[in-house]
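Single-letter residue listing:
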Amino acid sequence: MLRLFRAASHAWVRPPVSRVLNSLAEDSARPAESSEPGVRAGLLDPVVRKCKHLIPAHRRPVQAWVESLRGFEQERIGLAELHPEVFATAPRLDILHQVATWQKNFKRISYAKTKTRAEVSGGGRKPWQQKGSGRARHGSIRSPIWRGGGVAHGPRGPTSYYYMLPMKVRALGLKVALTVKLMQDDLHIVDSLELPTADPQYLTELAQYRHWGSSVLLVDLTHEEMPENVVAATSRLKNFNLIPTVGLNVYSMLKHQTLVLTLPSVAFLEDKLLWQDSRYTPLYPFHLPYNDFP
Amino acid sequence: MAALCVCRYAGRSWLWNVPLATRRDFWSRSRKEKEPVVAEAVEEVKREPVLVCPPLRSRAYTPPDDLQSRLESCINEVLGSFPPSNWQDISLDDGHVKFRLLAHLANDLGHAVPNSRLHQMCRVRDVLDFYSVPVQDRSKFDELTASNLPPNLKISWGY
């Protein structure tokens, strides 16, 4: 500990800091005044985020760079530790499929309806006598084998495809999706979603410069705290979408190529998803009030 | 047509009452108004050069020949002391040390450790192994997407 403290104090005093600053200033091509304080702050105070929840002894936390959207070059301003049970679960593709199909189908109500032979108007009377006319025998003109007749086994009325997967399966789906995004280098963690301008061009250029992908899903904590610049920029762009953390879902994560989470939203997700692993079975549904937890 | 109109109005008395100097001012007023506007536009453009996108970089990386010496100098700067003989076994458990070392190497060599492999970098030896592997841009499609395309041309490469 003391050795590290001494090393840190050496790093403050020594010229290597200025050498690194110069190299970074050359790389960025920004005016020296604005780059130095920002870079100095990043070098001396990296944003190191530790996981609040207990990590099992046999597992190590996964890590990710903390980036910033304030400048093109600010790609590594800190290091965040992520809980392995949320960001390093087994890659259960079957769970992803289940949850994505559930999301697509549970809202579906198909309104298709056809008339049966009883509902089509007419057809109560036997068209011709049973025997003697030489024609085939028929009982009504609206039977399914007749033209204009009813449909035998067609769709009957609005049908609902509603079903609910167990809560823990849906939570596991989110954990698996986050794992897959991280392990395929499509997850980026950002300290906050503050942009220098509300210009959508800036956001597209940033994503292109950092090789993010063609579609990006930005996740902030709540609607009220979203900065105006991001809201304005994303409202004018089709492939950049901004959602609160509560709206994160497997289908959107698979639809967008890149996922950008803020540090507060990572904490929120870890809270909510890890609680599911160690909770009691409910005595009454969770949507009714409990006095233990919100 | 314009010349005819001018000849018609030249007969009017109100034009001859106005002195010549002010008539020149009257006709040249539009020119004077444009100059300050041009100056303001130039100043506004100069206020925001910061948001120009830097040139796109390719993801190709070839390890330099002096990789080990560069790594040793990085450790020297980050830890502040000369690296010991077993510098490859230095563990990177501390977040600050790990961040400083990896960020310094990334800025130096132009190639950063991706998020998926950060948790595998436990010791300096792992970092050395990572940086000694060259990375190539996979296909011509990736190269094309990295270059400056016109905005209405999109390349999608679905596996």
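This text goes with the structure placed above it.
Residues numbered from 1 in each chain as written. Chains lettered and ligands numbered in written order. Predicted model: local features only at pLDDT ≥ 70, side-chain atom pairs only at ≥ 80, totals over all residues. Heavy atoms only, no water.

**Student:** What is the right way to read the overall build of chain A from this model?
**Tutor:** In terms of regular secondary structure, chain A is built from 10 helices and 9 strands. Within the span of chain A, comprising 294 residues, buried residues form 40% of the whole. Pairs at least 24 apart in sequence give 73% of the contacts found in chain A among residues at least 6 apart. Of the roughly 17300 Å² of accessible surface on chain A, a fraction of 57% belongs to carbon and sulfur atoms. (Helix = DSSP H or I, 4+ residues; strand = E, 2+ residues; numbered from the N terminus. Buried < 20%, exposed > 50% of the residue type's maximum accessible area, 1.4 Å probe, protein only. Contact = heavy atoms within 4.5 Å. Areas by Shrake-Rupley, 256 points an atom, 1.4 Å probe, with all protein chains shown as cover.)

**Student:** I tried to follow the interface of chain B and chain A on my own but got confused; where do I start?
**Tutor:** By convention, interface size is frequently given as the accessible area that disappears when the constituent parts associate. Across the contact, 35 residues belong to chain B and 42 residues belong to chain A. Looking at the side of chain B facing chain A, the largest losses of area belong to Arg57, Phe99 and Asn115 of chain B, adding up to 22% of the total buried there. Our count for the chain B to chain A interface comes out at 1 salt bridge. With a closest N to O distance of 2.8 Å, Arg57 of chain B and Glu75 of chain A form a salt bridge. Counting across the interface, chain B meets chain A through 10 residue pairs in polar contact (both at pLDDT 80 or more). When residues of the side of chain B that touches chain A are traced back to their parent elements, those giving at least two are helix H4 (67-79) and helix H5 (95-109) of chain B. With 11 residues, H5 of chain B is the single largest residue contributor to the side of chain B that touches chain A. For the side of chain B that touches chain A, a count of residues per class yields 18 nonpolar, 11 polar and 6 charged. (Buried area = accessible area lost by both parts, 1.4 Å probe. Salt bridge = Lys/Arg side-chain N within 4 Å of Asp/Glu carboxyl O. Polar contact = N/O pair within 3.5 Å; in protein donor to acceptor, adjacent residues only side chain to side chain. Nonpolar A, V, L, I, M, F, W, Y, C, P; charged D, E, K, R; others polar.)

**Student:** I keep staring at a nonpolar patch on the surface and nothing clicks. Help me out?
**Tutor:** A cluster of nonpolar residues, Leu283, Tyr284 and Leu288 of chain A, forms a patch on the protein surface that exposes about 330 Å² of accessible area. Relative to the helices and strands, Leu283 of chain A resides in the segment after helix H10 (263-275). (Patch = residues over 30% accessible without salt bridge, like charges linked within 9 Å, V, L, I, M, F, W, Y side chains within 5 Å.)

**Student:** Whenever I open this one, the sheet that holds strand E1 (residues 47-49) of chain A confuses me. Can you help?
**Tutor:** Working definition: the strands of a sheet are paired by backbone hydrogen bonds and lie parallel or antiparallel to each other. Residues and elements named next belong to chain A. Read from one edge to the other, the open sheet built from 7 strands follows the order E1-E3-E2-E6-E9-E7-E8, with strand pairing classed as mixed. Looking at strand neighbours, the two that pair on one side only are E1 and strand E8 (240-244), the edges of this open sheet. Taken over all neighbouring pairs, the strand axes of this sheet differ in orientation by 30° on average, direction set aside. Summarising the sheet, strand E7 (residues 216-220) and E8 pair through 5 bridges and their orientation is parallel. (Pairing = 2+ DSSP bridges. Axes fitted to C-alpha atoms, helices over the stretch in contact; angles between N-to-C directions.)

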